[in-house]
Structures are given as C-alpha cells and as structure tokens.
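# Examining the three-dimensional arrangement
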Amino acid sequence: MKRARTSPPRASVAPFPMRPESSQVLLTTPRLYVTQLPPDAAARVLTYHTANRDHLGPVSPTRPDNFFTVTWWRSRLAQDAEDWRRGLALRLFLLPRESPPSFGPVIGSVSLSDIRRGALQCGELGFGLDARHQGLGLMSEAVHALCDYAFGPLGLHRLQANHLPDNHRSAAVLHRVGFSVEGLARQSVLIDGRWRDHVLTARLAPGALER
Ligand SMILES: CC(C)(COP(=O)(O)OP(=O)(O)OC[C@H]1O[C@@H](n2cnc3c(N)ncnc32)[C@H](O)[C@@H]1OP(=O)(O)O)[C@@H](O)C(=O)NCCC(=O)NCCS
C-alpha cells in the first residue's frame with residue numbers, strides 16, 4: 001500500500017500589495033501614543049530632532065542640508081502618508097499619553113521601512129528616542145506595539161533591524177523585544193562620511209518557527 005506523502009504545512013502569504021492603507025495608525029500602549037503625524041505637525045517633529053541633534057546624528061545616515069527645517073519635515077510627513085498609502089513604509093512617532101496626540105510633544109520615532117510583500121513579507125525596523133526619555137523602557141514598549149501590529153494586522157512574517165556594533169542600547173532594545181543576531185554586514189552604511197559595519201538582527205512572527 002502506498003504511504004501518503006506528508007508535506008510541511010504551507011505558510012499563508014498576504015496578497016501584494018496589501019489593501020492600500022488610508023486610515024491613520026494610532027497604537028496605544030500603557031504610557032504612549034505611537035502614531036502617524038500629518039504635515040501640519042512638522043514643527044513638533046523638528047523640535048524633537050533639533051533637541052536630539054547630537055544624540056541621534058552619530059547613529060543616523062547622513063542627513064540632507066535642510067533636514068532641520070519645517071519645510072523639510074512638512075514634505076517628509078506628506079511622503080510618509082503616501083508611502084503608507086502605497087504599503088511601502090509605516091513611520092510613527094512616540095507621544096506621551098498625558099497629552100492628546102494632536103498637540104503632545106514628540107519624544108521619539110519608530111518605523112517599518114522597505115516593506116516587501118510577495119515571498120518575503122518583511123520590513124526593516126528603525127527607532128530613536130529623545131535622550132531625556134531613555135532608561136524608562138519607553139522604546140521597548142513602542143517597539144512591542146509596532147511588532148504586534150506588523151505581525152497582526154499587517155500580516156508580516158519577518159522583521160529585520162540593524163545597528164552599529166558599538167550601539168549597545170539599541171542592541172539591548174532589540175534583544176528585549178525578541179530579535180536575534182543573524183550576522184554582520186560589513187561596511188553597509190555610510191554614516192558621517194565613513195562606511196560602517198552593521199549587526200543584522202531579526203524577529204519572526206509568533207509561531208513562525210513551528211510552521
Ligand atoms: C536605542 C534607544 C532607543 C534605547 O533607549 P532606552 O531607553 O535605553 O530603551 P528602552 O525603552 O528599552 O529602555 C530600557 C532601559 O529602561 C529601563 N527600564 C525602566 N523601566 C522599564 C520598564 N518598565 N520596562 C523596560 N525597561 C525599563 C531598563 O532597565 C533599561 O535601562 P538600562 O539602559 O539602564 O539598562 C536610545 O538609546 C536611542 O534613541 N539611541 C539613539 C538612536 C538609536 O541608536 N537608534 C537605533 C539605531 S539602530
């Protein structure tokens with residue numbers, strides 16, 4: 001008698017592109033609103049980046065000349081909305097729960113960029129926090145919420161995140177929220193005029209390892 005051949009269960013793949021996303025994303029955590037911001041919030045985002053110029057600059061790719069202007073941020077926030085509508089990226093800002101998101105101060109950002117569908121179903125995680133709000137677990141809280149959203153409603157299978165080898169705080173956040181180191185990409189990013197190595201980390205959707 002012929003034995004039935006067993007094949008591994010098939011992973012389900014969300015269609016590409018996912019339904020164009022037109023509604024605003026607002027994630028609520030115990031202490032934060034993690035949300036998209038419209039172009040008219042440009043001044044608030046600029047205030048955050050100006051206050052954190054020395055804190056975020058050394059770990060960020062080289063910035064355009066007009067990065068520290070309201071004009072740049074107004075067009076960047078409009079681009080963020082368009083990228084989300086097309087399913088390419090989701091860029092969110094952290095605001096304390098004490099104030100309504102429509103006028104609270106921006107204290108950080110977290111993003112999924114380079115969202116790829118089809119056979120990949122993955123995205124690149126990035127984040128930054130106001131220096132004065134470090135050491136409170138706020139970024140871990142925000143990244144947890146974004147991962148839940150990415151693996152839940154967005155249906156992604158894998159999130160990737162890179163950090164400079166000496167960025168121990170970033171490594172600690174990623175470890176805390178379940179990312180594992182997968183390797184080192186040599187001279188993969190230009191920061192401050194120097195090609196820098198990046199540690200590669202990733203987290204799979206819950207249950208992915210058993211599929
Ligand atoms: C990377 C970065 C976001 C980390 O910020 P952070 O505040 O250290 O991160 P977390 O939100 O996870 O907080 C963890 C710290 O809060 C403490 N903490 C306090 N209450 C906590 C709570 N309820 N839950 C979790 N941690 C808590 C932890 O013990 C830890 O403190 P420690 O650093 O003294 O060990 C921040 O340093 C940053 O913006 N750096 C520059 C930008 C950057 O590097 N971005 C990443 C590029 S790859």
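The numbering scheme is per chain: residues are counted from 1 as the chain's sequence reads. In keeping with the model being predicted, local features are shown solely for residues with a pLDDT of at least 70 and side-chain atom pairs are shown and tallied solely at 80 or more, while totals for entire chains, interfaces and linings include all residues.

Stated precisely, the cut-off is as follows: UniProt positions are given in the numbering used here, feature names are shortened, and annotations may be inferred rather than shown by experiment.
Labelled according to an unreviewed UniProt entry, the protein appears under the name Ribosomal-protein-S5p-alanine acetyltransferase, originating from Melittangium boletus DSM 14713. Its UniProt record gives the protein a comment under Sequence similarities (unreviewed entry), which states: "Belongs to the acetyltransferase family. RimJ subfamily."

### Focus on the overall build of the protein
Put simply, the rule is: The helix and strand labels rest on DSSP assignments: H or I over at least four residues marks a helix, E over at least two residues marks a strand, and numbering proceeds from the N terminus. Exposed residues have 12 or fewer other C-beta atoms within 10 Å of their own C-beta, buried residues have 20 or more, and partly exposed residues fall in between, where C-beta atoms are placed from the backbone. Throughout, a residue-residue contact means that the two C-beta atoms, derived from backbone geometry, are no farther apart than 7 Å.
Looking only at helices and strands, the protein features 5 helices and 8 strands. When the helices and strands of the protein are placed in sequence order, the string is β-β-α-α-α-β-β-β-α-β-α-β-β. In the protein, buried positions account for 26% of the 211 residues. Long-range contacts, defined here as pairs at least 24 residues apart, represent 63% of the contacts in the protein between residues at least 6 apart.

### Let's talk about the pairing of strand β3 (residues 90-96)
Counted only if it meets this: The pairing criterion for strands is at least two bridges between them, as found by DSSP.
Of all 7 residues that make up β3, 6 are buried, and the element is covered over most of its length. Relative to β3, strand β2 (residues 32-35) is paired through 4 bridges, and the arrangement is antiparallel. Across the sheet, residue Leu 32 finds its bridge partner in β3, namely Pro 96. Bridge count for β3 against strand β4 (residues 108-116) is 5 bridges, and the pairing is antiparallel. Within β4, the residue paired with Leu 92 across the bridge is Val 110.

### Section: the sheet that holds strand β6 (residues 158-163)
The strands making up a sheet are joined through hydrogen bonds of the backbone, oriented either antiparallel or parallel. Our working rule: Angles shown run from 0 to 180 degrees and are taken between the N-to-C directions of axes, each axis being a line fitted to C-alpha atoms and, for helices, limited to the stretch in contact.
Taken together, 8 strands build an open sheet; the order of strands is β1-β2-β3-β4-β5-β6-β8-β7 and the sheet is mixed. A single partner strand is all that each edge strand has here, and the edge strands are β1 (26-28) and β7 (180-191). Sheet twist, expressed as the mean angle between neighbouring strand axes with direction ignored, is 25 degrees. Strand direction decides the pairing type here: β1 and β2, joined by 3 bridges, are antiparallel. In the strand pairing of β2, Thr 28 is matched with Tyr 33. Where helix α5 (residues 168-176) meets the sheet, its contacts fall on β6 and β8 (194-204), and the angle it forms with β6 comes to roughly 160 degrees.

### Overview of the site of the ligand
Rule in force here: Any residue whose C-beta atom, as placed from the backbone, lies within 6 Å of a molecule or strand is termed near it. All amino acids are sorted into three groups, where Ala, Val, Leu, Ile, Met, Phe, Trp, Tyr, Cys and Pro are nonpolar, Asp, Glu, Lys and Arg are charged, and the leftover types, Gly among them, are polar.
Around the ligand, a shell composed of 19 residues is seen, among which Gln 134, Gly 137, Met 139, Ser 140 and Arg 169 lie nearest. Those elements giving two or more residues to the shell around the ligand turn out to be α2 (53-56), β5 (122-129), α4 (138-151) and α5. At 4 residues, the largest contribution of residues to the shell around the ligand is made by α5. In the shell around the ligand, the residues fall into 8 nonpolar, 9 polar and 2 charged.

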